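Analysis of the macromolecular model
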Amino acid sequence: MLKILLPMAMLLPTALLSPQKFLWTNTTAHSLLIATLSLQWLLPTYYPHKNLTQWTGIDQISAPLLVLSCWLLPLMIMASQNHLQHEPPTRKRIFITTLITVQPFLILAFSTTELMLFYISFEATLIPTLVLITRWGNQPERLSAGIYLLFYTLISSLPLLVTILYLHTQTGTLHLTMLKLVPPTLTNSWTGLLSGLALLTAFMVKAPLYGLHLWLPKAHVEAPIAGSMLLAALLLKLGGYGIMRVTLLMTPLSTHLHYPFLTLALWGALMTSSICLRQTDLKSLIAYSSVSHMGLVIAASTIQTHWSFSGAMVLMISHGLTSSMLFCLANTNYERTHSRILILTRGLQPLLPLMATWWLLANLTNMALPPTTNLMAELTIMIALFNWSTPTIILTGIATLLTASYTLFMLLMTQRGTLPTHITLIQNSNTREHLLMALHIIPLLLLILKPELISGAPL
């Protein structure tokens, strides 16, 4: 743990003290080094926990998410270079510092074995995200987006804190390893039901469940590119990870809790996919597609079978990389045309042919084409749900169909069609952007060769 956390802490002086000329180079290179170091967490082991210290330990569920969060820091720094180039140097340093501060909290949240520490780091990631959105967003609406994000998360996570304290008084410990050994305290009494509801709701808002998702499109649309990548790729995964961790404590989960969440998640996947077909705003479309994908993850983790858990794990990782890549692509369009409206950014393929290739690849992964891990994950989840209850195949099937249709709609709207007359001069795509896209898509394509690294199944 420390050999990642200490270099991560030393990133702060690197960002604050690097000479102006080498600021981007130093921070990107340093965070890339940390990202490559973190790959060792993926090494298979026979122990339930790797690197077990008193408060932190890495098991099969958290290792892939930890590597993902380390991997995305250099990518966020690389993506933000262009829109910060006219800012004064001090502001650039503060921006990079804000990005770096999220990282230790994320690592703590994913690797902790103690519920209270998990709660603290879960809430602490909110602050730098809020700073990113309300300070570096593009429109004045970013303030209302920030308020939405803050209050949704806070109102939902206060019951979580109360329940964690109640659990502590009941069992005398909050260690996950210990809680697996004590008999389950959350029985089918009213107290148990309400505690289970409180535990789940906080993560459902974060994940977001359909119906509690209204903060997400707002926050995504207003956030700068790094904020969008952080939200889509990592903060949503905190919700999914929390659900997987907490449902393991509440065995067996009462059906009163099961059904509403499962129905909402699957119905939400269908609804948000159809909302995507009517979107005019590119970033909002990608944000809604995240809601529908995470709906599958929520549905899978509530039924608690081995298949559904490993499907949810793979989907979280592959969705993290895919949606992050889509936001980067939307951002490259935005930087050139200064508009997110799909009608105003049509027909960019003849102008940026290489970018069109990245668009095609990202969209194909988003709609789960065969050689990608997205397909493997969605199939695993659908089979697990189908095995659990047959009629779910109707909902998941329609959701898949709609996913394919809105993804193709997005691809055709941005790449094909006639060029709008107001686009006269457009700058070329540069190496930095191509490297950014490559670093998103190469891990995705390589992971299908050894998917057990991210499947969360004990090897």
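Residues numbered from 1 in each chain as written. Predicted model: local features only at pLDDT ≥ 70, side-chain atom pairs only at ≥ 80, totals over all residues. Heavy atoms only, no water.

The name recorded for the chain in an unreviewed UniProt entry is NADH-ubiquinone oxidoreductase chain 4, from Vultur gryphus. In the Sequence similarities (unreviewed entry) part of its UniProt record, the chain is described as follows: "Belongs to the complex I subunit 4 family." Recorded in UniProt for the chain, the comment headed Catalytic activity (unreviewed entry) runs: "a ubiquinone + NADH + 5 H(+)(in) = a ubiquinol + NAD(+) + 4 H(+)(out)". (UniProt positions renumbered as here; feature names shortened; annotations may be inferred.)

Focus on the overall build of the chain
Helices and strands together make up the secondary structure of the chain, namely 18 helices and zero strands. Here the C-alpha atoms of the chain give a radius of gyration of 21 Å, agreeing with the 23 Å that 2.2 N^0.38 yields for 459 residues. When the backbone C-alpha atoms are referred to their principal axes, the chain occupies close to 70 × 55 × 45 Å. Put simply, the chain has 459 residues, and 60% of those count as buried. Residue pairs in contact within the chain that sit at least 24 positions apart in sequence constitute 82% of those at least 6 positions apart. Of the roughly 18,000 Å² of accessible surface on the chain, 72% is carried by carbon and sulfur atoms. (Helix = DSSP H or I, 4+ residues; strand = E, 2+ residues; numbered from the N terminus. Rg over C-alpha atoms; globule rule 2.2 N^0.38 Å. Buried < 20%, exposed > 50% of the residue type's maximum accessible area, 1.4 Å probe, protein only. Contact = heavy atoms within 4.5 Å. Areas by Shrake-Rupley, 256 points an atom, 1.4 Å probe, with all protein chains shown as cover.)

Quick notes on the UniProt feature "domain: NADH:ubiquinone oxidoreductase chain 4 N-terminal" (unreviewed entry) in the chain
With numbering matched to this structure, UniProt assigns "domain: NADH:ubiquinone oxidoreductase chain 4 N-terminal" (unreviewed entry) to residues 1-109. Helix and strand shares over residues 1-109 are 65% and 0% respectively, and the end C-alpha atoms of the span are 13 Å apart.

Notes on the side chain of lysine 92
Assignment of secondary structure puts lysine 92 in helix α4 (residues 89-111). Summary of buried charges: lysine 92 has no salt-bridge partner, and the nearest side chain of opposite charge, glutamate 87, is 8.5 Å away. Ignoring any residue separated from it by four or fewer positions in sequence, one finds lysine 92 in contact with Gln20, Leu23, Trp24, Leu84, Gln85 and Glu87. (Lys, Arg positive; Asp, Glu negative; His and termini not counted. Salt bridge = Lys/Arg side-chain N within 4 Å of Asp/Glu carboxyl O.)

Notes on helix α13 (residues 282-303)
Spanning 22 residues, α13 covers 33 Å between terminal C-alpha atoms, matching the ideal 32 Å at 1.5 Å per step. With 22 of 22 residues buried, α13 is to be regarded as a mostly interior element. The N-terminus of α13 is capped by aspartate 281, whose side-chain oxygen sits 3.1 Å from the backbone nitrogen of lysine 283. After α13 finishes, the residue glutamine 304 shows a positive phi value of roughly 60°. (Expected span 1.5 Å × (residues − 1). Polar contact = N/O pair within 3.5 Å; in protein donor to acceptor, adjacent residues only side chain to side chain.)

A look at the layout of surface pockets
Taken as a whole, the second largest pocket encloses approximately 400 Å³ of empty space. Around the second largest pocket, the lining comprises 21 residues; the ones closest to its centre are Asn82, His83, Asn138, Tyr334 and Glu335. Every element with two or more residues in the lining of the second largest pocket is listed here: α6 (126-136) and α14 (306-337). By residue number, the principal contributor to the lining of the second largest pocket is α14, which donates four residues. By residue class, the composition of the lining of the second largest pocket is seven nonpolar, nine polar and five charged. (1 Å grid on protein atoms, 1.4 Å probe; cavity = no way out; pocket = protein on both sides within 12 Å on 5 of 7 lines; lining within 4 Å. Points joined across faces, edges and corners; volume = space filled by probe spheres on them. Nonpolar A, V, L, I, M, F, W, Y, C, P; charged D, E, K, R; others polar.)

Concerning the pattern of salt bridges
Tallied over the entire structure, the rule returns six salt bridges. When the shortest N-O distance is used, the salt bridge between arginine 340 and aspartate 281 registers 3.0 Å. Placement of the pair is arginine 340 in the loop between α14 and α15 (353-366) and aspartate 281 in the loop between α12 (255-276) and α13, with a sequence separation of 59 residues. An identical accessibility class is assigned to arginine 340 and aspartate 281; each is buried. Measuring nitrogen to oxygen at the nearest pair gives 2.9 Å for the salt bridge that ties glutamate 433 to arginine 336. Residue glutamate 433 is found in helix α18 (residues 431-447), and its partner arginine 336 is found in helix α14; the two are separated by 97 residues along the sequence. There is no split in this pair, since glutamate 433 and arginine 336 are both buried.

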